[in-house]
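# Structural overview
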Amino acid sequence: MTGPGVQRSALAIVPALNERRSVGLVVQSLLRDAPSVDVLVVDDGSTDGTGAVAAAAGALVLTLPYNLGVGGAMRAGFKYALRSGYAAAVQVDADGQHDAAAVPALLSALASADIVIGARFAGEGEYAVTGMRRGAMRLLAATLSRALRTELTDVTSGFRACNREAMTLFARHYPVEYLGDTVEALLIASRAGLKVAQVPVVMKPRLHGTSTQGTLRSTLYLGRASIALSLAFIRRWPHDEVADVNSHEARQEAR
Ligand SMILES: Nc1nc2c(ncn2[C@@H]2O[C@H](COP(=O)(O)OP(=O)(O)O)[C@@H](O)[C@H]2O)c(=O)[nH]1
Ligand SMILES: [Mg+2]
């Protein structure tokens, strides 16, 4: 299974924490609407049988021994994808918010970018975000758009496709803090010189339950992230380490 070559097309990586009620439908719709992808659910210490439901629906399941958070789960997923020879990976939430039918469009757009974001506010998909939260999201989007030299309208979207270069970077450098995985990951990508693009998508409400994060917490995070992001631009980044990622991964795979 391990090998340096790229043999398979794409892997959908689904981070999941206690999503028994929706993960089965998410896996099924991926297998139906994005038939070229394999599906990996990263079950991150769920206590409700999420992993078993995902496996029954046809997914590969990676069971983490204890909760690592979305960032840790995605790093595990990216490592798995790299080692298994996938050319691309797409992150899909387990709660049904991301439309599986949009996955092929995200993957196609990788032809001219390293990372493709499935974005709200790009002319498609009504999704109510109001007040301060919306303001902070706009500010972050404007800042990152400038850094990445492309117009980005939804930098907190977790619906993203990555090519091998981006996967290699993110397998080692993927922020673990809530929403940091989305916002800061773009900053890391920008520092590594990766190209980011977006395609418009419709985002749906969660199928069941409530977000693991409350509105207050996400609003506070977004405010803080806006400040942190400004500081990050003037901070020195371990450039050599980022540049070294490819050769490091190549060495690992050659072993
Ligand atoms: N692996 C993993 N996934 C998580 C964790 N917390 C949330 N998720 C998953 O991450 C996705 C997004 O979480 P959600 O609570 O919907 O956040 P929101 O969409 O930003 O409101 C869902 O698929 C969750 O099941 C966690 O600690 N570990
Ligand atoms: Mg969600």
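The structure displayed is predicted, hence computed values, not measured ones. (Residues numbered from 1 in each chain as written. Chains lettered and ligands numbered in written order. Predicted model: local features only at pLDDT ≥ 70, side-chain atom pairs only at ≥ 80, totals over all residues.)

## Topic: the overall build of the protein chain
- Broken down by element type, the protein chain carries 9 helices and 7 strands.
- Sorting the 255 residues of the protein chain into buried and exposed places 46% on the buried side.
- Counting only contacts in the protein chain whose residues sit at least 6 apart along the sequence, the fraction spanning at least 24 positions is 78%. (Helix = DSSP H or I, 4+ residues; strand = E, 2+ residues; numbered from the N terminus. Buried ≥ 20, exposed ≤ 12 C-beta atoms within 10 Å, placed from the backbone. Contact = placed C-beta atoms within 7 Å.)

## Observations regarding the nonpolar core
- In this structure, Ala-12, Val-14, Leu-40, Val-41, Ala-89 and Val-90 are the most contacted members of the largest nonpolar core, which totals 77 residues.
- In terms of residues, this core owes the most to one element, helix H3 (residues 69-83), which gives 8 residues.
- With sequence-adjacent residues up to four places away left out, Val-90 is seen in contact with Ala-10, Ala-12, Val-37, Val-103, Leu-106, Leu-107, Arg-160 and Ala-161. (Core = buried A, V, L, I, M, F, W, Y, C linked by C-beta atoms within 7 Å.)

## Quick word on helix H1 (residues 20-33)
- Look at H1: 21 Å from first C-alpha to last across 14 residues, which is about the 20 Å you get at 1.5 Å a residue.
- Its buried side turned inward, H1 meets strand E1 (8-16), strand E2 (37-43), helix H2 (50-56) and helix H4 (103-108). (Expected span 1.5 Å × (residues − 1).)

## Quick word on the environment of Ser-84
- As for its position among the elements, Ser-84 is in the loop between H3 and strand E4 (86-91).
- Taking the number of C-beta atoms within 10 Å as the measure of exposure, Ser-84 has 16 and is therefore partly exposed.

## Considerations on unusual backbone geometry
- Although it is not a glycine, Asn-18 sits at a positive phi angle of roughly 50°.
- For Asn-18, the location among the structural elements is in the loop between E1 and H1.
- Positioned with a positive phi, Arg-149 is a non-glycine residue whose angle comes to about 55°.
- Relative to the assigned elements, Arg-149 resides in the loop between helix H5 (131-148) and strand E6 (160-163).
- A tally of 9 C-beta atoms within 10 Å means that Arg-149 is categorised as exposed.

## Brief notes about the site of ligand 1
- Close to ligand 1 lie 17 residues; Pro-15, Asp-44, Ala-73, Ala-94 and Ser-211 are nearest.
- Going through the elements one at a time, E1 and H3 are the ones with two or more residues in the shell around ligand 1.
- Here the element with the most residues in the shell around ligand 1 is H3; it accounts for 3 residues.
- Residues belonging to the shell around ligand 1 are distributed by class as follows: 7 nonpolar, 6 polar and 4 charged. (Near = placed C-beta within 6 Å. Nonpolar A, V, L, I, M, F, W, Y, C, P; charged D, E, K, R; others polar.)

## Examining H5
- Helix length check: H5 (18 residues) gives 26 Å between terminal C-alpha atoms against 26 Å at 1.5 Å per residue, within 8%.
- Residues of H5 that are buried: Ala-136, Met-137, Leu-140, Ala-141, Thr-143 and Leu-144.
- Note on H5: the residue one or two positions beyond its end, Arg-149, has a positive phi of about 55°.

## Details of the environment of Ala-16
- In this structure, Ala-16 sits in strand E1.
- Note: C-alpha distance between Ala-16 and Ala-73 (57 residues apart in sequence) is 8.6 Å.
- If we ignore the near neighbours within four places in the chain, the residues touching Ala-16 are Val-23, Val-41, Val-42, Asp-43, Asp-44, Ser-46, Thr-50, Ala-54 and Ala-94.

## Regarding the packing of H3 against helix H6 (residues 164-172)
- The N-to-C vectors of H3 and H6 enclose an angle of 135°; their axes lie 8 Å apart at closest approach. As the angle between them shows, H3 and H6 are arranged oblique. The two elements H3 and H6 meet at a crossing, and its hand is left-handed. Of the residues in H6, those in contact with Met-74, Arg-75, Phe-78, Lys-79, Ala-81 and Leu-82 of H3 are Arg-164, Met-167, Thr-168, Phe-170 and Ala-171. (Axes fitted to C-alpha atoms, helices over the stretch in contact; angles between N-to-C directions. Parallel < 35°, antiparallel > 145°, perpendicular 65-115°, else oblique. Left-handed = near helix turned anticlockwise from the far one by under 90°.)

## Some points on the pairing of strand E3 (residues 60-63)
- Alignment of E2 against E3, held across 4 bridges, turns out to be parallel. Paired with Val-41 across the strands is Val-61, a residue of E3.
- In this view, the connection linking E2 to its parallel neighbour E3 by way of H2 has right-handed handedness. (Pairing = 2+ DSSP bridges. Right-handed = clockwise from strand over helix to strand, strands pointing away.)

## Quick word on the sheet that holds E6
- One open sheet holds the 7 strands; their spatial order is E3-E2-E1-E4-E6-E5-E7, and the pairing between them is mixed. This sheet does not close on itself; its edge strands, each paired only once, are E3 and strand E7 (196-200). Strand-to-strand twist of the sheet, defined as the mean angle between neighbouring strand axes without regard to direction, takes the value 25°.
- As judged from the 5 bridges shared by strand E5 (residues 115-119) and E7, these two strands associate in the parallel manner. Opposite Val-116, over in E7, you have Ala-197 as the bridge partner.
- H1 rests against E1 and E2 of the sheet, and its axis sits at about 160° to E2.

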